[in-house]
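Read off the chains here:
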Amino acid sequence: MPSFLAAVLVAAASTITASAADLVFTNAQIIPIEGAEIERGFVAVTDGRIEAVGSGGFSGAADQTIDCAGKVIMPGLVDTHSHIGGIGGADGSGPIQPGVRVRDSINVRDAGFRRALAGGLTSINIMPGSGHLSSGQTVYVKLRHDTSAPGFGVRTIDDITYYDEDGEPMGGLKMANGTNPQRDNGGPFPGTRGRAAFLVRSKFIEARAYQAKLDAAVNEDGSVDASKLPDRDLDLEALAEVMRGERTVHHHTHRHDDIITVLRLAKEFGFRVVLHHVSDGWLVADEIAEAGAEVSAIMIDSPGGKHEAVGVRFDTPGILERAGVRTVVHTDDWITDSRIFLRSAALAIRGGMTRRGALESVTLAGAEMLDIDDRVGTLTPSKDADLIVLSGDPFSVYTVVEQTYVEGNLAFDRADEGDRLSALGGYGAATDSEPYFCCYNELMTTGRVGGVQMRGTGSAGSGN
Amino acid sequence: MNKAEHRNLCRSVGGMLRAVVGAALCVASAASAQVAVKAGTLHTMEGEPITDALVLIGEGGQIDYVGKASERAIPEGYTTHECAVATPGLVDVRSTLGFTGLYNVDADQDQLDDSARLQPGLRAIDAYNPRDRLIGYSRSFGVTTVHTGHGPGELISGQTMIAKTRGDTVEDAAFVPAKAVAATLGPRAHKGGGKSPGSRAKAMEMLRAELLKAQAHGAKIARAESDPETEGPSRDLAMESLVSVLNRETPLIIAADRAQDIANAMRLADEFGFTLWLESAAESYLLADQLKERGTPVLLHPTMARSWGERASLSYNTAKVLKDAGVPFAIESGYEGYVPKVRVVLFEAAAAAGYGELGFGDALAAVTIEAAKILGVDGRVGSIAVGKDGDIAMYNADPFEYTTHCVGVLIEGDHFAGEREFDIGYP
């Protein structure tokens, strides 16, 4: 349906009482993200979309009304960095594998999805790991679960993938620098930062030549001369998309000098980059701002644990916000737990971020980074009806996500016995597949990370 | 200025001048150790919270007044700290702080020697690094007492100690230099490649054999003590440590997560009669009634521990289940092999209080008085009462709220920076 027609219909629905809303949440405190917080108001949903948001009571008719007195409603949360779904991206054969798609590895029945919904997450960038300079393409998913459908209505990855206007699955490209992708005597893997950057630059230069061949195959009238096209190369295709601005680089990076290296490469090859984790981001905030890069930061309860993360601070998002950098927080699930994702944003406030910035950091700003903000991230009429019902203020430790709705369907309900098990954990709630996650698995099974022996952890098989 | 700094300054001043001037400076400085804390709400853990409260800490660093501010004037010469909320300094019931350093490299990891399966002779005081920066980091959130030492990972990995989160040497920090012996059941302690233990049953056999050996060693010592004609056994540090366990002078902490491993730990305790403390205990909710009956304390895994491997079935709700069942428990920071390198019990208790539905009071008790009771140091720490150490954590709001700040910490009256002022340094 053309979007202008949809708009007309939505407008009509709101004035004609005969076409009732499917679902209305009333008497809630509403944090729409777009616009001011509403002390007591309603959200009306029709056909999986938000029909209206307002203060006071809802005057129209509704098939179902949910009284949310004392509750807080805000958009479903957007996580820009997660590893749920038992993922596995690039393998050990080489350090740069942009042709690999994480989408081809995901178990949609993994318990991690239920836990994510328990935390209020509805849109997620699922990424391969950081053990490679590029471990492959990420995938943007919508947790389109419906508690009333068998298997929650999700059968394959296609059911939860975001598609763009051309019907192509949406996602970025995972890249990493610093110690995770480095190996001692690692064969094709770099052993130093200098070699890591050399390998990345070499590959991008190769991709630039590939792009030039693609360009040369286009005739003056815009048609393509197939005889001039190069043989398809999946790695180079992905990098060419990155350089054409069609695919965002999601770049794992911790130390201040590694962050600057990413900015240098982004400038040389002209790609859009979201800097992920950025332990030392607080040291180079102005440089990040000047480069126009975006940031997806991690909130870790203490510094250290790995050498390049000794600079981790709760202060980073606030410092970046004040420097003018668009900044979000992420779960990096299972480094932090999706079920308490709001905690990360609250810790950003503890470290100096504004409440406004923290609210956007788990909703709109993340949606913008994933180019899905036309559909999610705010409670705005015509956007998808992805919302969460909270027991109180989103940033209180005593608040829990009571319900999660995705496109108007109830996707999680803490009052349900099974969902409560997912939310709290216990027998039957465990993940049924463990992701390949550099370097946590590696550390726990071999006691080594990136070729470095972590003494005394060799037999720690439990993640204790 | 903390006590150690004060002492060092006095030493250096005395050394330089060797004169009355130095002595006078030290006297004046010592007098300033008298401290008053005014708190909007004081959680003493000795009863209901006190509003508009006052705590006075005398020269010796002990508390000598707790009550309403309106009922007692602050004596002259006292340094006064004001805060919205004060609690006892937090007590971390089980940690590897000071053994598992910030960088997670060979040079700063001493929680586990993996050259042998049974090493009860390893003392904690010989490995504690009082200058590891994560100690100050933990303190800046309110942690003042920590039960720390050798971690899980081998059948018996070594001993533990109890320290204040201060001091330049272990002698300054430790106030119980040897507390318990740490053991592990379950796959964490298993070896591959044909080495033992390779199974649960083998692990139990090895532990039983070692404890039987210690029984024999203890019997020889007892004979020699009662009969001067009999020569005692030759010194054996490992055996002496286990004899202490068998004599119930030293608890045996067994880290066990699966219910079957917890059951094994209880069976072992029944056979040898030692004092059992369960650590981590992810599935303890399945055996809460048995633990209650035995009075076995649980040093419960961090609330936000990752659920995988042996802990796959852990629950945020376990603390609440143990509380409701009447099992003595406290929440540990435990051991982390990766990030975060140290967990902070303030955060772990907060997660139990809120997401885990334990509630504020029981969660705070799990990192103060209940932890102190399990550790047997509640005569000194864990609550705010006259005669106890002047260890106090100060906050600008509910300590568990994510957006609250710890604004200062007192250890025996000496002031340390809260989280916003504490500088861990870089790198």
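Residues numbered from 1 in each chain as written. Chains lettered and ligands numbered in written order. Predicted model: local features only at pLDDT ≥ 70, side-chain atom pairs only at ≥ 80, totals over all residues. Heavy atoms only, no water.

### With respect to the overall build of chain A
Definition in use: In DSSP terms, a helix is any run of H or I states spanning at least four residues, a strand is any run of E spanning at least two, and both are numbered starting from the N terminus. When a residue's accessible area, from a 1.4 Å probe over protein chains only, is under 20% of the maximum for its type it is buried; when over 50% it is exposed; and in between it is partly exposed. Contacts are assigned to residue pairs with any non-hydrogen atoms lying within 4.5 Å of each other.
Looking only at helices and strands, chain A has 12 helices and 19 strands in total. Here chain A holds 464 residues, and 60% of them are scored as buried. Across chain A, the fraction of contacts at a sequence separation of at least 24, relative to all contacts at a separation of at least 6, is 67%.

### Describing the sheet that holds strand β7 (residues 121–126) of chain A
All names here are of chain A. So the rule is basically this: Pairs of strands are assigned from DSSP output, requiring at least two bridges between the strands. Fitted lines through C-alpha atoms serve as axes, helices being fitted only where they are in contact, and the angles separating the N-to-C directions of these axes extend from 0 to 180 degrees.
Taking strand neighbours across the sheet as the criterion, the 3 strands line up as β6-β7-β9 in an open arrangement whose pairing is mixed. Both outer strands of the open sheet, β6 (77–82) and β9 (139–142), are each paired with one neighbouring strand and no more. Averaged over all pairs of adjacent strands, the angle between their axes in this sheet comes to 20°, without regard to strand direction.

### Observations regarding the environment of A:Ser361
All names here are of chain A. This is how it is decided: Any N or O atom pair separated by 3.5 Å or less is treated as a polar contact, with the protein-specific requirement of one donor-capable and one acceptor-capable atom, and with residues adjacent in sequence counted only for side-chain atom pairs.
Checked against the element boundaries, Ser-361 lands in helix α9 (residues 355–361). The exposure class of Ser-361 is buried, given its relative accessible area of 0%. With 283 residues separating them in the primary sequence, Ser-361 and Val-78 have C-alpha atoms 8.4 Å apart. A distance of 2.7 Å separates a polar atom in the side chain of Ser-361 from the backbone oxygen of Ala-358.

### Some remarks on the domain arrangement of chain B
All names here are of chain B. Worth spelling out the cut-off: Domain ranges listed in this record stem from an automatic or a database domain assignment. The quantity reported as buried area is the accessible area (1.4 Å probe) lost by two parts once they are put together, taken as the sum for both. Salt bridges, as used here, are contacts in which a Lys or Arg side-chain nitrogen is within 4 Å of a carboxyl oxygen on Asp or Glu. All amino acids are sorted into three groups, where Ala, Val, Leu, Ile, Met, Phe, Trp, Tyr, Cys and Pro are nonpolar, Asp, Glu, Lys and Arg are charged, and the leftover types, Gly among them, are polar.
As assigned here, chain B comprises domain 1 (1–31), domain 2 (36–89 + 383–427) and domain 3 (90–381). Taken over C-alpha atoms, the centre of domain 2 sits 29 Å from the centre of domain 3. In this complex, domain 2 contributes 29 residues to the contact, which on the side of domain 3 involves 32 residues. Summed over both sides, the interface of domain 2 with domain 3 buries roughly 2,500 Å², with 64% coming from carbon and sulfur. Counting the contacts that link domain 2 with domain 3 gives 6 salt bridges. For Glu-412, the salt bridge is made with Arg-380, and the minimal N-O distance between the two is 3.3 Å. At the junction of domain 2 and domain 3, the tally comes to 15 residue pairs in polar contact (both at pLDDT 80 or more). Those elements that provide at least two residues to the side of domain 2 that touches domain 3 are β4 (79–88), β14 (392–395), β15 (406–411) and β16 (414–417). With 4 residues, the single largest contributor to the side of domain 2 that touches domain 3 is β15. Classifying every residue of the side of domain 2 that touches domain 3 gives 16 nonpolar, 6 polar and 7 charged.

### Quick look at the pattern of salt bridges
Following the criterion strictly, the structure yields 59 salt bridges over all chains and no others. One salt bridge in this structure joins B:Glu310 and B:Arg188, with 3.7 Å as the shortest N-O distance. Of this pair, B:Glu310 sits in the loop between β12 (298–300) and α9 (318–325) while B:Arg188 sits in the loop between β9 (181–184) and α5 (200–226), placing them 122 residues apart in sequence. If you follow the salt bridges from partner to partner, you end up with A:Arg49, A:Lys142, A:Arg144, A:Asp384, A:Asp386 and A:Glu407 in one network.

### Regarding the sheet that holds strand β2 (residues 50–57) of chain B
Residue and element names in this part refer to chain B. Across the sheet, 7 strands lie side by side as β3-β2-β1-β4-β14-β15-β16; this open sheet has mixed pairing. Both outer strands of the open sheet, β3 (63–68) and β16, are each paired with one neighbouring strand and no more. Here the strands of the sheet are splayed against their neighbours by 35° on average, with no regard to which way each runs. Across 7 bridges, strand β1 (residues 35–42) lies against β4 in parallel orientation. Its bridge partner being in β4, Ala-36 is matched across the sheet by Thr-80.

### Some details on the packing of aromatic side chains
How we decide: Here a Phe, Tyr or Trp ring, Trp counted by its six-membered ring, pairs with any other such ring whose centre lies within 6.5 Å, and the pair is stacked when the planes are under 30 degrees apart, edge-to-face when over 60, and tilted otherwise. A ring has a charge above it when a Lys NZ or an Arg CZ is no more than 6 Å from the ring centre and no more than 35 degrees off the ring normal.
Within the structure shown, the criterion is met by 13 aromatic pairs over all chains. Ring centres of A:Phe314 and B:Phe141 lie 6.5 Å apart, and the angle between their planes is 65°; this geometry places the pair in the edge-to-face category. Here the residue A:Phe314 occupies a position in the loop between β13 (294–298) and α7 (316–323), and B:Phe141 occupies one in the loop between α3 (133–139) and β6 (143–149), the pair thus bridging two chains. Here A:Arg114 stacks its cationic end above the ring of A:Phe152, 3.6 Å away from the centre of that ring. Above the face of the A:Phe189 ring, A:Arg183 is positioned so that its terminal group lies 4.7 Å from the ring centre.

### Quick look at helix α4 (residues 234–243) of chain A
Residues and elements named next belong to chain A. Judged by how many residues are buried, α4 sits mostly within the fold: 7 of 10 residues are covered. For α4, the complete set of buried residues consists of Leu-236, Glu-237, Ala-238, Leu-239, Ala-240, Val-242 and Met-243. For α4, the secondary structure elements touched by its buried residues are β8 (134–137), β10 (173–176), α3 (193–216), β11 (249–253) and α5 (256–269). Among the residues trailing α4, Gly-245 stands out with phi positive, at a value near 80°.

### Focus: the packing of α5(B) against helix α7 (residues 259–272) of chain B
Residue and element names in this part refer to chain B. The line we're drawing: These descriptions rest on fixed angle ranges, namely under 35 degrees for roughly parallel, over 145 for roughly antiparallel, 65 to 115 for roughly perpendicular, and the rest for oblique. Working rule for handedness: look at the near helix, and if it is turned counterclockwise from the far one by less than a right angle, call the crossing left-handed; if clockwise, right-handed.
α7 packs onto α5 with a crossing angle of 20° between their chain directions and a minimal axis gap of 11 Å. Classified by the interaxial angle, the pair formed by α5 and α7 is roughly parallel. Crossing handedness for the pair α5 and α7: right-handed. Of the residues in α7, those touching α5 at Arg-200, Met-204, Leu-207, Arg-208, Leu-211, Leu-212 and Gln-215 are Gln-260, Asp-261, Asn-264, Arg-267, Leu-268, Glu-271 and Phe-272. Residues that form the contact of α5 with α7 fall into these classes: 6 nonpolar, 3 polar and 5 charged.

### Some points on the nonpolar core
Where we set the bar: The set of buried Ala, Val, Leu, Ile, Met, Phe, Trp, Tyr and Cys residues whose side-chain atoms join them within 4.5 Å is what this entry labels a nonpolar core.
The biggest cluster of nonpolar side chains holds 140 residues, and the ones touching the most others in it are A:Ile106, A:Ile126, B:Ile254, B:Phe274, B:Leu278, B:Val298 and B:Phe400. Excluding its chain neighbours within four sequence positions, the residues that come into contact with A:Ile106 are A:Gly85, A:Ile87, A:Phe113, A:Ile126, A:Val139 and A:Ile157. In terms of nonpolar packing, the next biggest core, distinct from the first, is built from 33 residues, A:Phe204, A:Leu263, A:Phe269 and A:Leu275 among them.

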